[in-house]
Amino acid sequence: MSIVIYAESAEGKFKKIAFELASYAKKVAESLGTTVTAVSINTQDVSELSKYGVDKVLKVTNDKLVGFSAKAYADVIQQAARKENASVVVLSSTTDSIYLAPLVAVALEAGFASNVVGLPESYLPFQVRRTAFSNKAFNSTEISSDIKIIGLAKNSYGIFENTSNMATEDFNPTVSENDFGIKVESVEKGSGKVSIADADIVVSGGRGLKGPENWGMIEELAEVLGAATACSKPVSDLDWRPHSEHVGQTGKPVASNLYIAVGISGAIQHIAGINSSKVKVVINSDPEAPFFKVADYGIVGDAFEVVPHLIEKLKAF
Ligand code: FAD
């Protein structure tokens, strides 16, 4: 019996979420008296996982698996879970894993709970806490199947160092040609260097910025903070920014540690997608803007005065 995690990577390097999954799985494994096995697909250096409590890594190196293919990746993960006799499989809540999890669940005849936050509420019965209705409510879900699949919400547990004596094993699962019937290529076209999904900090602009020519200050603020840039839906609809930056209910979800909204009103559909961010800051000239109701910090002011001032102060910091 072990806990199996899928340690996602991009361009050969682990994503931050892989370390959160490892930290989470370690804690679950300690409670169940078992170990953590990570599955890595085409990641160059797997040693980093040992910092977060992983006991064994199954290292898959296969040219066919360069580029995400949901069916093929799900096949790899379910084979790893069977090999390790997994009682719990932990996946993340990234776009890739949301696609993978139901396929893995069907293959393993396992119950799957998505949007899980925090450690299991109880182990017997196995009960987890999940967010519902765009993070506005929580529910407790019992998974009664022998194998349990958890889709952990990003930034809901945290990353904790816990150095382990990790074993690395080359793993060569069978990958069938049929697995490649559908191949999804995800192309990140973000303007910032940091991707929205992995960012600790996101600086987001709305229609209050008046036009695409004013995005220089958003990019500069993002650069100073090492943040990703994002935008509201109308901004991408107007082609001021690429669609890959659109966040919210119909765009990308954001679960960063810090989300800074500049000239964004705070419509319910926008908030639904960014609500899991830990600290929300709004800069808006209208003190009645709904965003102030959900923000942790707010600045009532003209973005064209506040943002350059903020950049100046941060640079001097
Ligand atoms: P606005 O609502 O026009 O707000 C602009 C804000 O800028 C105002 O609050 C204003 O006070 C402020 N402002 C103006 N000038 C300045 C200045 N100089 N300095 C500082 N502040 C200033 N929206 C999303 O973002 N994401 C989604 O995923 C999404 N999905 C949707 C799905 C559906 C089905 C529907 C119906 C709508 C959806 N929307 C979504 C649209 C959403 O309802 C809002 O219309 C949108 O979020 C508003 O964008 P905004 O805040 O940039 O613009």
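Sequence order as written defines residue numbering, which begins from 1 separately in each chain. Reporting in this predicted model follows two pLDDT cut-offs: at least 70 for local features of residues, and 80 or more for side-chain atom pairs to be given and counted; totals over whole chains, interfaces and linings ignore these cut-offs and use all residues. By convention in this description, side-chain values take in all heavy atoms of the structure and omit both hydrogens and water.

Draft legend 1. Seen up close, the overall build of the chain. Along the chain, the regular secondary structure elements total eight helices and 16 strands. Its C-alpha atoms put the chain at 60 × 40 × 40 Å along the principal axes. Three labels apply to residues, based on accessible area from a 1.4 Å probe with only protein chains included: buried if under 20% of the type maximum, exposed if over 50%, partly exposed otherwise in between. Sorting the 317 residues of the chain into buried and exposed places 51% on the buried side. What makes two residues a contact is simply this: any of their non-hydrogen atoms within 4.5 Å. For the chain, the proportion of contacts with a sequence separation of at least 24, taken over those separated by at least 6, is 66%. Surface accessibility of the chain: about 15,000 Å² in total, with carbon and sulfur atoms responsible for 51%. His residues and chain termini do not enter the charge count, which takes Lys and Arg as positive and Asp and Glu as negative. By convention, the point assigned to a charge is CZ for Arg, NZ for Lys, CD for Glu and CG for Asp. Averaged over its 30 positive side-chain charges, the chain has a centre that lies 2 Å from the centre of its 37 negative ones. Starting at the N terminus, helices and strands are each numbered in turn, a helix being any DSSP run of H or I of at least four residues and a strand any DSSP run of E of at least two. Computed by Shrake-Rupley with a 1.4 Å probe, the accessible areas treat only the displayed protein chains as cover when residues are assessed.

Draft legend 2. The arrangement of the nonpolar core in detail. Side-chain atoms within 4.5 Å link the members of a nonpolar core, which is a set of buried Ala, Val, Leu, Ile, Met, Phe, Trp, Tyr and Cys residues. Counting 31 residues, the largest nonpolar core has Ile 5, Tyr 24, Leu 49, Val 54, Val 90 and Ile 150 as the members making the most contacts within it. Breaking this core down by element, the ones donating at least two residues are β1 (2-6), α1 (16-32), β4 (35-41), β6 (86-91), β7 (111-116) and β10 (148-152). For this core, the element with the most residues is α1, which contributes nine residues. Once residues within four sequence positions are removed from consideration, Ile 5 is found in contact with Ala 18, Leu 21, Ala 22, Ala 25, Val 36, Thr 37, Ala 38, Val 39, Val 54 and Val 90.

Draft legend 3. Highlighting the site of the ligand. For each residue, the test is whether any non-hydrogen atom lies within 4 Å of the molecule or strand; if one does, the residue is near. In the neighbourhood of the ligand, 26 residues make up the surrounding shell, with Ser 232, Thr 250, Ser 265, Gln 269 and His 270 lying closest. One of the side-chain nitrogen or oxygen atoms of Lys 210 is found 2.8 Å away from a nitrogen atom of the ligand. A distance of 2.7 Å is found between an oxygen atom of the ligand and a side-chain nitrogen or oxygen belonging to His 270. Out of a free accessible area of 990 Å², the ligand has 74% covered by protein chains. Where the shell around the ligand is concerned, the elements lending two or more residues are α5 (233-237), α6 (268-274) and α8 (303-316). Each polar contact in these results corresponds to two N or O atoms within 3.5 Å; when the atoms are within protein, one needs to be able to donate a hydrogen and the other to accept it, and residues that are neighboring in sequence are counted only if both atoms are side-chain atoms.

Draft legend 4. Local environment of the sheet that holds strand β15 (residues 279-284). Think of it this way: DSSP has to see at least two bridges between two strands before they count as a pair. On the basis of which strands lie adjacent, the open sheet formed by five strands has the order β13-β12-β14-β15-β16 and parallel pairing. The open sheet has two edge strands, β13 (228-231) and β16 (297-300), and neither has a second partner. On average, adjacent strands in this sheet sit at an angle of 15° to one another, irrespective of strand direction. Where strand β14 (residues 258-262) meets β15, five bridges bridge the pair, whose relative direction is parallel. Among the inter-strand pairings, Ile 260 is bridged to a residue of β15, identified as Val 281. Helix axes use the C-alpha atoms of the stretch in contact, all axes being lines fitted to C-alpha atoms, and the angles between their N-to-C directions lie in the range 0 to 180 degrees. In the packing of helix α4 (residues 216-225) onto the sheet, the strands contacted are β12 (201-205), β13 and β14, and the crossing angle to β12 comes to about 175°.

Draft legend 5. The arrangement of the UniProt feature "binding site: FAD" (unreviewed entry) in the chain in detail. UniProt positions are given in the numbering used here, feature names are shortened, and annotations may be inferred rather than shown by experiment. The UniProt feature table records "binding site: FAD" (unreviewed entry) at Arg 207, Gly 263, Ile 264, Ser 265, Gly 266, Ala 267, Ile 268, Gln 269, His 270 and Asn 284. Topologically, Ile 264 is positioned in the loop between β14 and α6. Take Ile 264: its relative accessible area is 3%, and that puts it in the buried class. Look past the residues within four positions of Ile 264 in its chain and what remains in contact with it is Ser 204, Gly 205, Gly 206, Tyr 259, His 270, Val 282, Asn 284 and Phe 291. Structurally, the position occupied by Asn 284 is in strand β15. The contact partners of Asn 284, leaving out residues within four places of it in the chain, are Gly 263, Ile 264, Ser 265, Ala 289, Phe 292, Ile 299, Val 300 and Gly 301.

Draft legend 6. View of the packing of helix α2 (residues 70-83) against helix α3 (residues 95-108). Two elements in contact, α2 and α3, have axes whose closest approach is 9 Å; the angle formed by their N-to-C orientations is 45°. Viewed along their axes, α2 and α3 adopt a mutual orientation that is oblique. Considering only the axes of α2 and α3, their crossing is right-handed. On the side of α2, the interface is formed by Ala 70, Lys 71, Tyr 73, Ala 74, Ile 77, Gln 78, Ala 81 and Arg 82, while α3 contributes Tyr 99, Leu 100, Leu 103, Val 104, Ala 107 and Leu 108. Here the word oblique covers every angle except those under 35 degrees (roughly parallel), over 145 (roughly antiparallel) and from 65 to 115 (roughly perpendicular). The sense of a crossing depends on the near helix, which, turned anticlockwise from the far helix by less than a right angle, makes the crossing left-handed and, turned clockwise, makes it right-handed.

Draft legend 7. Summary view of α1. To estimate how far a helix should extend, the number of its residues minus one is multiplied by 1.5 Å. Between its first and last C-alpha, α1 extends 25 Å over 17 residues, near the 24 Å set by a 1.5 Å rise per residue. In terms of burial, α1 is largely enclosed, as 12 of its 17 residues are buried. Those residues of α1 that fall on the buried side of the exposure criterion are Ile 17, Ala 18, Phe 19, Glu 20, Leu 21, Ala 22, Ser 23, Tyr 24, Ala 25, Lys 26, Val 28 and Ala 29. Buried-residue contacts for α1 involve β1, β3 (13-14), β4, β6, β7 and β10. Looking one or two residues beyond α1, the residue adopting positive phi is Gly 33, at roughly 65°.

Draft legend 8. Fine view of the packing of aromatic side chains. Pairing of aromatic rings covers Phe, Tyr and Trp, the last counted by its six-membered ring, and requires centre-to-centre distances within 6.5 Å; plane angles under 30 degrees mean stacked, over 60 mean edge-to-face, and any other angle means tilted. As enumerated under the stated definition, the model contains nine aromatic pairs in all. Grouped by ring-pair contacts, the aromatic residues Tyr 6, Phe 68, Tyr 73 and Tyr 99 constitute a single cluster. Across the ring face of Phe 138, the terminal group of Arg 129 is positioned such that the distance to the ring centre comes to 3.9 Å. Criterion for a charge above a ring: Arg CZ or Lys NZ at most 6 Å from the ring centre, at most 35 degrees from the ring normal.

Draft legend 9. Broad picture of α3. A rise of 1.5 Å per residue sets the reference length of α3, with its 14 residues, at 20 Å; its end C-alpha atoms lie 21 Å apart and thus fit the reference within 8%. Bend, in this description, refers to the angle at a residue between axes fitted to the seven residues ending there and the seven starting there. At Ala 101, α3 is bent by approximately 25°, the largest bend along its length, and proline Pro 102 sits one to four residues beyond. Looking at α3, one finds that the buried residues are Asp 96, Ser 97, Leu 100, Ala 101, Val 104, Ala 105 and Leu 108. Contacts made by the buried residues of α3 are with β1, α2, β6, β7 and β10. Where α3 terminates, the next one or two residues include Glu 109, which has phi positive at roughly 50°.

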